[in-house]
Amino acid sequence: MKGFKTCERRLTHLLHSGIRSRPSPATASIGNMAPRLSDFEKGQIDALHRLCLTPRAIAARLRPRPDKTRPSYKTVERFLKNRGRKRVFKKPGPARTISPKLERRLIRHVITDKLTSPEVRIIAQRRKFFISEKNRVKRLAFAREYVHKPLSFWKNVIFSDEKIFRLDGPHGYNKTYQRTRGPEPAPTMRRHSGGGSAMFWGAMSWHGLSTLHRVQGSLNAERYRQVMLNVMMPWALELPWRLDQPDCPFIFQQDNAPGHAALSTRELFDTVGIALLDWPARSPDLNPVENLWAIVSRRVHWQGRQFMRLDDMLPVIYDCWRTEAPKYVEALFESMPRRLQACIDAGGRQTKY
């Protein structure tokens with residue numbers, strides 16, 4: 001052990017006072033970059049490493065450079081680790097072609113037009129709908145009023161709504177673009193392609209489904225009254241309703257769309273003597289016919305199926321409404337107490353239905 005220490009001191013003295021070499025130009029500091037190891041320093045590290053010294057001890061024993069600095073122990077450790085390997089320096093990339101100002105303008109353009117770029121990602125759109133505090137209170141009051149109604153009450157209700165079918169997929173399930181950096185924007189819906197679409201009106205009762213009626217154009221108050229007179233009422237009056245209320249054989253449910261809530265539409269129901277269910281606004285989750293439409297839509301576009309023409313899609317919609325939808329009617333009516341209780345538990349906010 002004593003001879004080993006003597007040999008170490010002699011070797012250290014030789015390294016510090018024997019061979020003296022000037023640092024090569026490659027070792028000169030460039031800006032804030034650390035200088036490279038010179039051949040003399042590499043020889044020092046090899047000699048000290050043979051004495052079984054640690055990288056930290058080797059760095060402490062290295063001869064200071066002209067600028068009074070020494071290589072760090074990390075540099076020594078990296079040299080020992082990569083010794084004998086061929087070092088491949090990565091070539092610099094192309095020069096920057098746009099200024100920071102132009103980059104910011106491009107990012108703003110992407111946010112506006114929802115185009116593809118490294119700044120955005122594709123995500124599924126949110127399916128939640130906004131419920132104001134006023135509507136939340138009305139939803140909660142409606143749920144508390146009707147939550148204890150028996151199934152016999154709901155068997156006398158007709159639930160109705162409209163549905164839009166598109167050639168390229170279910171309406172409302174398309175994707176959108178969102179920035180990967182910065183605050184999350186408000187959810188919006190914008191379709192870049194898809195072609196034609198078709199709107200249908202349909203209704204469901206405990207006793208069966210109505211005729212599926214295709215609406216031409218937008219459903220304004222005039223067209224909606226024609227649907228009520230020519231489609232809904234002839235079908236509803238043929239259903240086996242209870243006989244103890246001949247003046248009001250059934251209760252009709254509709255949402256608060258402009259064509260539904262128009263004064264002329266309300267006067268039509270008062271004239272023919274049809275009672276309306278006082279439906280709260282922003283409540284599609286309480287309407288079981290919404291689930292029925294979702295079932296039909298998934299069947300029509302099963303496994304991402306798309307259509308080239310409306311003439312190809314329309315027969316599939318009619319067939320699904322006639323064959324698949326009736327299987328779920330009773331279960332959906334039986335879910336009404338659970339829907340209303342879920343609305344109460346959520347304080348009038350949106351539910352899982």
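Residues numbered from 1 in each chain as written. Predicted model: local features only at pLDDT ≥ 70, side-chain atom pairs only at ≥ 80, totals over all residues. Heavy atoms only, no water.

Participant: Explain the packing of helix α8 (residues 221-237) against helix α10 (residues 263-272) to me, please; I cannot follow it from the model alone.
Facilitator: For any two helices packed against each other, the geometry comes down to the angle between their axes and how far apart the axes lie. It is the contact of α8 with α10, at a shortest axis distance of 9 Å, that shows an interaxial angle of 25°. Compared by their axis directions, α8 and α10 come out roughly parallel. For the pair α8 and α10, the crossing hand works out as right-handed. In contact with Ala 221, Tyr 224, Arg 225, Met 228, Leu 229, Met 232 and Met 233 of α8, α10 contributes Ser 264, Thr 265, Leu 268, Phe 269 and Val 272. A class-by-class count of the residues in the contact of α8 with α10 yields nine nonpolar, two polar and one charged. (Axes fitted to C-alpha atoms, helices over the stretch in contact; angles between N-to-C directions. Helix = DSSP H or I, 4+ residues; strand = E, 2+ residues; numbered from the N terminus. Parallel < 35°, antiparallel > 145°, perpendicular 65-115°, else oblique. Left-handed = near helix turned anticlockwise from the far one by under 90°. Contact = heavy atoms within 4.5 Å. Nonpolar A, V, L, I, M, F, W, Y, C, P; charged D, E, K, R; others polar.)

Participant: Even after reading the chapter, I still don't get the environment of Leu 268, so can you show me in this structure?
Facilitator: Relative to the elements of secondary structure, Leu 268 occurs in helix α10. Look at Leu 268 and you get buried, because its relative accessible area is 13%. With 40 residues separating them in the primary sequence, Leu 268 and Met 228 have C-alpha atoms 9.0 Å apart. Once you skip the residues sitting within four places of it in the chain, Leu 268 turns out to touch Arg 225, Met 228, Leu 229 and Met 233. (Buried < 20%, exposed > 50% of the residue type's maximum accessible area, 1.4 Å probe, protein only.)

Participant: Honestly, the side chain of Arg 139 in this entry has me stumped. Any pointers?
Facilitator: Mapped onto the elements, Arg 139 comes out in helix α6 (residues 133-146). Within the structure, Arg 139 has its side chain in polar contact with the backbone oxygen of Arg 349 (distance 2.9 Å). For Arg 139, the contacting residues outside a window of four places in its chain are Ile 131, Pro 280, Ala 281, Arg 282, Ser 283, Asp 285, Leu 286, Cys 343, Gly 348, Arg 349, Gln 350 and Thr 351. (Polar contact = N/O pair within 3.5 Å; in protein donor to acceptor, adjacent residues only side chain to side chain.)

Participant: What should I look at first to understand a positive patch on the surface in this one?
Facilitator: On the surface, Lys 101, Arg 104, Arg 105 and Arg 108 cluster together to form a positively charged patch. By the element assignment, Arg 108 lies in helix α5 (residues 100-113). (Patch = residues over 30% accessible without salt bridge, like charges linked within 9 Å, V, L, I, M, F, W, Y side chains within 5 Å. Areas by Shrake-Rupley, 256 points an atom, 1.4 Å probe, with all protein chains shown as cover. Salt bridge = Lys/Arg side-chain N within 4 Å of Asp/Glu carboxyl O. Lys, Arg positive; Asp, Glu negative; His and termini not counted. Charge placed at Lys NZ, Arg CZ, Asp CG, Glu CD.)

Participant: I'm lost on helix α4 (residues 73-81) in this one. Help?
Facilitator: It helps to recall that an α-helix has 3.6 residues per turn; residues three or four apart then point in one direction. Restricting attention to buried positions, one finds in α4 the residues Val 76, Phe 79 and Leu 80. What you see down the axis of α4 is that its buried residues fit within an arc of 95°, all on one side. On its buried side, α4 packs onto α2 (39-50) and α3 (55-61). (Arc of directions from axis to C-beta.)

Participant: Would you explain the nonpolar core in this entry?
Facilitator: Nonpolar side chains tend toward joint burial in soluble globular proteins. Grouped together as the largest cluster of nonpolar side chains are 39 residues, with contacts concentrated most on Trp 154, Phe 159, Met 204 and Val 300. Secondary structure elements with two or more residues in this core: α6, α7 (151-154), β2 (157-166), β5 (197-205), α11 (288-300), α12 (310-323), α13 (329-334) and α14 (336-345). Not counting the four nearest positions on each side in its chain, Met 204 is found in contact with Val 157, Ile 158, Phe 159, Leu 209, Trp 235, Pro 288, Val 289, Leu 292, Val 329, Leu 332 and Phe 333. Counting 21 residues, the second-largest nonpolar core is a separate cluster that includes Val 227, Met 232, Phe 250 and Ile 274. (Core = buried A, V, L, I, M, F, W, Y, C linked by side-chain atoms within 4.5 Å.)

Participant: What is the right way to look at the pattern of salt bridges in this model?
Facilitator: For side chains bearing opposite charge, pairing can occur when the charged atoms are close. Going through the model one piece at a time under the given rule, you end up with seven salt bridges. Residue Arg 322 pairs with Asp 319 through a salt bridge whose shortest N-O separation is 2.9 Å. Pair noted here: Arg 322 and Asp 319 are both in helix α12, with a separation of three residues, about one helical turn. Owing to a relative accessible area of 53%, Arg 322 belongs among the exposed residues under this scheme.

Participant: Explain the pairing of β5 to me, please; I cannot follow it from the model alone.
Facilitator: Consecutive side chains of a regular strand alternate in pointing toward one face of the sheet and then the other. Within β5, eight of the nine residues are buried, which leaves it mostly tucked inside the rest of the structure. Bridge analysis of β2 against β5 gives eight bridges, and the strand direction is antiparallel. When the bridges of β5 are listed, Phe 159 appears paired with Met 204. As defined by bridge partners, β5 adjoins strand β7 (residues 213-215) across three bridges and the pair is classed as antiparallel. Bridging across to β7, Phe 200 finds its partner in Arg 214. Alignment of β5 against strand β6 (residues 208-209), held across two bridges, turns out to be antiparallel. Counted as the bridge partner of Met 204 is Leu 209 from β6. Counting the residues in the hairpin turn of β5 and β6 gives two residues. (Pairing = 2+ DSSP bridges.)

Participant: Which parts of the structure should I look at to understand the confidence of the model for the protein?
Facilitator: Atomic detail in the predicted coordinates should be set aside for any region of low pLDDT. On average, residues of the protein carry a pLDDT of 80, and 74% of them reach 70 or more. Taken element by element, the predicted model of the protein shows its lowest mean pLDDT in strand β4 (residues 175-179) (47) and its highest in α13 (96). Segment residues 17-33: pLDDT under 50, and 14 contacts once partners within four positions in sequence are set aside and those in other chains are kept. In the predicted structure, residues 174-178 sits below a pLDDT of 50 and forms 24 contacts with residues beyond four places in sequence or in another chain. (pLDDT = per-residue confidence, 0-100.)

Participant: Even after reading the chapter, I still don't get the packing of α6 against α14, so can you show me in this structure?
Facilitator: Remark: α6 packs on α14, axes separated minimally by 9 Å, with the N-to-C direction vectors making an angle of 135°. Viewed along their axes, α6 and α14 adopt a mutual orientation that is oblique. The chirality of how α6 crosses α14 is left-handed. Contacts between α6 and α14 involve Arg 139, Leu 140, Phe 142, Ala 143, Arg 144 and Tyr 146 from the first element and Leu 340, Cys 343 and Ile 344 from the second. Here the contact of α6 with α14 is built from residues that sort into seven nonpolar, no polar and two charged.

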